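Structural overview for review
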Amino acid sequence: MHPLLLASVLVGSLALSACSPTFNWRETRPQGTALVALLPCKPDRGARLVPLAGQQLELRMLGCDAGGATFAVAHTDIRDAAQAGAALAQWKTVMLGHMRATASQEQPFLLAGASAVPAPVRVAAKGRHPDGSAVAAQAVWFARGSEIFHAVIYADKISPEIADTFFSGLRFP
């Protein structure tokens, strides 16, 4: 299995295994980055090598389950900011392909401190888990120099309030 796809499977397979309906929002910082993320639960952390942008890169992830949804933030450094657009496009294609997305909507995502090129993007999609059950996802992709980031929520249904809280909690101090 393609390692980037495997990383998406690991994050996505946690969906719907929430341990509490309560959202206990907390700030956390993905290791080695300036990004601050707001998560509704204490995150687990992991890393794995993935092929991206024509190279093997360490993809670092943090994520947790709360209220019937999986929340995750992942990042890597592609070492060449000029390749950020292509790498983010590849990452988005892999994620949407993994979930067999049949419907998606894309819009600009505003994030102060993120690179303007490539422009940050937010996507809402509907698709299927590997077992065939329905899943919704809302995700953002953005870069800061040669660092690229992806934040995502997977659930049966994603409330606008929860998604807005999660995505508005992403910031560069």
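Criteria and cut-off values
- One numbering rule holds for all chains: residues counted from 1, following each sequence as written.
- It should be noted that, the model being predicted, local features are given only for residues of pLDDT at least 70 and side-chain atom pairs only at 80 or more, the latter also being counted only at that level, while totals for whole chains, interfaces and linings use all residues.
- As a rule here, side-chain values come from all non-hydrogen atoms in the structure, and water together with hydrogens is ignored.
- By definition, any uninterrupted DSSP run of H or I lasting at least four residues is a helix, any uninterrupted run of E lasting at least two residues is a strand, and each is numbered from the N terminus.
- A contact between two residues is defined here by any heavy atoms of the two lying within 4.5 Å.
- All accessible areas in this document rest on Shrake-Rupley with a 1.4 Å probe, and a residue is counted as covered only by the protein chains that are shown.
- When DSSP locates at least two bridges between a pair of strands, those strands are taken to pair.
- Angles run from 0 to 180 degrees between N-to-C directions of axes, and those axes are lines fitted to C-alpha atoms, restricted for helices to the stretch in contact.
- A 1.4 Å probe rolled over the protein chains alone gives each residue an accessible area, and that area as a share of the maximum for its type sets the label: buried under 20%, exposed over 50%, partly exposed in between.
- For this analysis, a polar contact is any N or O atom pair within 3.5 Å, provided that within protein one partner can donate a hydrogen and the other can accept it, and provided that sequence-adjacent residues contribute only side-chain to side-chain pairs.
- Any two of the Phe, Tyr and Trp rings considered here, Trp counted by its six-membered ring, make a pair once their centres fall within 6.5 Å; the pair's planes then place it as stacked at under 30 degrees, edge-to-face at over 60, or tilted in between.
- Only Lys NZ and Arg CZ are tested; either one counts as a charge over a ring when it is within 6 Å of the ring centre and within 35 degrees of the ring normal.
- Note on terminology: disulfide denotes any pair of cysteine sulfur atoms within 2.5 Å.

With that settled, the discussion passes to the overall build of the protein. When you go through the protein residue by residue, the secondary structure sums to three helices and nine strands. Ordered by position from the N terminus, the helices and strands of the protein form the series α-β-β-β-β-β-α-β-β-β-β-α. Restricting the contact set of the protein to residue pairs at least 6 apart, pairs at least 24 apart contribute 58%. Carbon and sulfur atoms make up 54% of the accessible area of the protein, which totals about 8100 Å².

Right, let's talk about the sheet that holds strand 8 (residues 134-144) for a bit. Taking strand neighbours across the sheet as the criterion, the seven strands line up as 3-4-5-9-8-7-6 in an open arrangement whose pairing is antiparallel. The open sheet has two edge strands with one neighbour each: strand 3 (44-52) and strand 6 (103-108). Taking the axes of each pair of neighbouring strands and ignoring which way they run, one obtains an average angle of 20° across the sheet. Strand direction decides the pairing type here: strand 3 and strand 4 (residues 55-66), joined by nine bridges, are antiparallel. Directly across from Leu52, in strand 4, lies its bridge partner Gln55.

In this section: the environment of Glu27. With respect to the helices and strands, Glu27 occurs in strand 1 (residues 26-28). For Glu27, a relative accessible area of 52% translates into the label exposed. Here the alpha-carbon distance between Glu27 and Pro40, two residues 13 residues apart in the chain, equals 8.9 Å. When near neighbours in sequence (up to four residues on either side) are disregarded, Glu27 contacts Val36, Ala37, Leu38 and Arg171. There is a polar contact of 2.9 Å between the side chain of Glu27 and the side chain of Arg171.

Scanning all chains against the criterion turns up ten aromatic pairs. The interplanar angle of 85° and the centroid separation of 6.2 Å between the aromatic rings of Phe23 and Phe71 together place this pair among those described as edge-to-face. With Phe23 in the loop between helix 1 (3-12) and strand 1 and Phe71 in strand 5 (residues 69-77), this pair connects stretches of sequence that are 48 residues apart. According to the relative accessible area criterion, Phe23 is partly exposed, its value standing at 27%. Relative to Phe142, the ring of Phe109 lies with its centre 6.4 Å away and its plane at 35°, an arrangement referred to as tilted. Of this pair, Phe109 sits in the loop between strand 6 and strand 7 (121-128) while Phe142 sits in strand 8, and the two are 33 residues apart along the sequence. The pair formed by Phe109 and Phe142 is uniform in burial state, with each residue classed as buried. Members of the aromatic cluster, joined through ring pairs, are Phe23, Trp25, Phe71, Phe109, Phe142, Phe149, Phe166, Phe167 and Phe172. Over the aromatic face of Phe172 sits the side chain of Arg144, whose NZ or CZ is 4.4 Å from the ring centroid.

Right, let's get into the state of the cysteines. Enumeration over the complete set of coordinates arrives at one disulfide. Residue Cys41 pairs covalently with Cys64 via a disulfide, S to S 2.0 Å. Taking the sign of the S-S torsion, 85° for the link of Cys41 and Cys64, the bridge is right-handed. Placement of Cys41 in the loop between strand 2 (37-39) and strand 3 and of Cys64 in strand 4 is noted, with a sequence separation of 23 residues between them.

In terms of residue burial, strand 8 counts as a mostly covered element, since nine of its eleven residues are buried. As defined by bridge partners, strand 7 adjoins strand 8 across eight bridges and the pair is classed as antiparallel. Bridged to Val121 within strand 8 is Trp141. In this antiparallel pair of consecutive strands, strand 7 and strand 8, the connection spans five residues, and Gly132 shows a positive phi of 95°. Here nine bridges tie strand 8 to strand 9 (residues 147-155), and the two strands are oriented antiparallel to one another.

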